[in-house]
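Analysis of the macromolecular model
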Amino acid sequence: MTLARGSPSAISGGNQLGTMPANTNQVSNASSSNPVVDISAQPRGSIGRVLLAEDDEELRWLLARALRQDGHQVIEVNDGCELLEHLAREVKDDGRLEGADVIVSDIRMPGYTGIAALHGLRQVGCDVPMVLITAFGDVSTHELVASIASALLLDKPLDLDDLRRAVQTALESRSRAA
């Protein structure tokens with residue numbers, strides 16, 4: 001599901017649709033020629049535990065900082081291998097993920113992809129909401145993520161307000177389901 005500015009957004013579970021308004025809080029990869037960054041705190045309603053998997057150290061630091069400014073506890077992992085190790089420790093036999101209420105993950109990372117993690121979680125019955133981020137958001141990737149329950153996709157350059165709203169929506173959908 002695409003959460004780009006001005007486009008429909010949804011998080012499954014109840015498939016509640018909404019629209020993400022346009023804004024200017026853009027975050028680019030360090031390799032981008034014209035990054036614009038504004039991480040001004042914009043607290044949200046629900047506070048949660050966010051597992052953040054991003055192999056770009058600077059971007060991970062920036063995303064973690066923005067989420068912490070919103071009051072969230074952030075657990076950072078450096079790549080797909082660390083994400084897999086963390087999930088192996090924290091997903092219980094009944095499918096519950098202990099220690100995180102939402103996962104924010106890059107799709108393309110060394111060792112293990114965010115999509116593979118999402119598929120693995122759903123196969124073991126874990127329905128934790130997942131926000132995937134990518135610089136390679138082609139139509140087939142968007143369609144794939146849209147077909148998976150409780151998953152959202154954000155394209156890079158990443159808008160911090162979109163990320164904040166996606167995390168908030170995920171937390172709210174999770175609390176309604178509980």
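Read on for an overview of the structure. All of these numbers come straight from a predicted model, not from anything done at the bench. (Residues numbered from 1 in each chain as written. Predicted model: local features only at pLDDT ≥ 70, side-chain atom pairs only at ≥ 80, totals over all residues. Heavy atoms only, no water.)

**What about the nonpolar core?**
Formed by 24 residues in total, the largest nonpolar core has its most connected members in Leu-51, Leu-83, Leu-87, Leu-97, Ile-103, Leu-121 and Leu-132. If you list the elements that add at least two residues to this core, you get β4 (49-53), β5 (73-77), α2 (80-90), α3 (114-123), β7 (130-134) and β8 (151-155). Per-element tally for this core: the top contributor is α3, with four residues. Once you skip the residues sitting within four places of it in the chain, Ile-103 turns out to touch Leu-51, Leu-87, Leu-97, Leu-121, Val-128, Pro-129, Met-130 and Val-131. (Core = buried A, V, L, I, M, F, W, Y, C linked by side-chain atoms within 4.5 Å. Buried < 20%, exposed > 50% of the residue type's maximum accessible area, 1.4 Å probe, protein only. Helix = DSSP H or I, 4+ residues; strand = E, 2+ residues; numbered from the N terminus. Contact = heavy atoms within 4.5 Å.)

**Things to note about the pattern of salt bridges**
If charged atoms from side chains of opposite charge come close, those side chains can pair. Using the criterion set out here, one finds 10 salt bridges in the structure. The shortest N-O distance in the salt bridge between Arg-68 and Glu-76 comes to 3.0 Å. Measuring nitrogen to oxygen at the nearest pair gives 3.5 Å for the salt bridge that ties Lys-156 to Asp-106. Note that Lys-156 is positioned in the loop between β8 and β9 (158-159) and Asp-106 in strand β6 (residues 102-106), a separation of 50 residues in sequence. According to the relative accessible area criterion, Asp-106 is buried, its value standing at 4%. (Salt bridge = Lys/Arg side-chain N within 4 Å of Asp/Glu carboxyl O.)

**Considering the packing of helix α1 (residues 57-69) against helix α5 (residues 160-177)**
Where α1 contacts α5, the axes come no closer than 11 Å and their chain directions differ by 55°. When the axis of α1 is compared with that of α5, the two are oblique. The crossing of α1 and α5 is right-handed. Residues Leu-63, Ala-66, Leu-67 and Gln-69 of α1 pack against Leu-160, Leu-163, Arg-164 and Val-167 of α5. Of the residues in the contact of α1 with α5, the class split is six nonpolar, one polar and one charged. (Axes fitted to C-alpha atoms, helices over the stretch in contact; angles between N-to-C directions. Parallel < 35°, antiparallel > 145°, perpendicular 65-115°, else oblique. Left-handed = near helix turned anticlockwise from the far one by under 90°. Nonpolar A, V, L, I, M, F, W, Y, C, P; charged D, E, K, R; others polar.)

**A word on α3**
Here α3 has its buried residues at Gly-114, Ile-115, Ala-117, Leu-118 and Leu-121. Down the axis of α3, the buried side of the element spans an arc of 160°, and every buried residue falls inside it. If you follow the buried residues of α3, they end up packed against α2, β6, β7, α4 (139-146) and β8. A positive backbone phi angle near 85° is found at Gly-125, which sits one or two residues after α3. (Arc of directions from axis to C-beta.)

**A look at unusual backbone geometry**
With an omega of 5°, the peptide bond between Lys-156 and Pro-157 qualifies as cis. Its location among the elements puts Pro-157 in the loop between β8 and β9. Even without being glycine, Ser-150 reaches a positive phi, approximately 55°. Within the secondary structure layout, Ser-150 lies in the loop between α4 and β8. With relative accessibility at 9%, the residue Ser-150 sits in the buried group.

Scope: geometric values only; no functional claims are made or implied.
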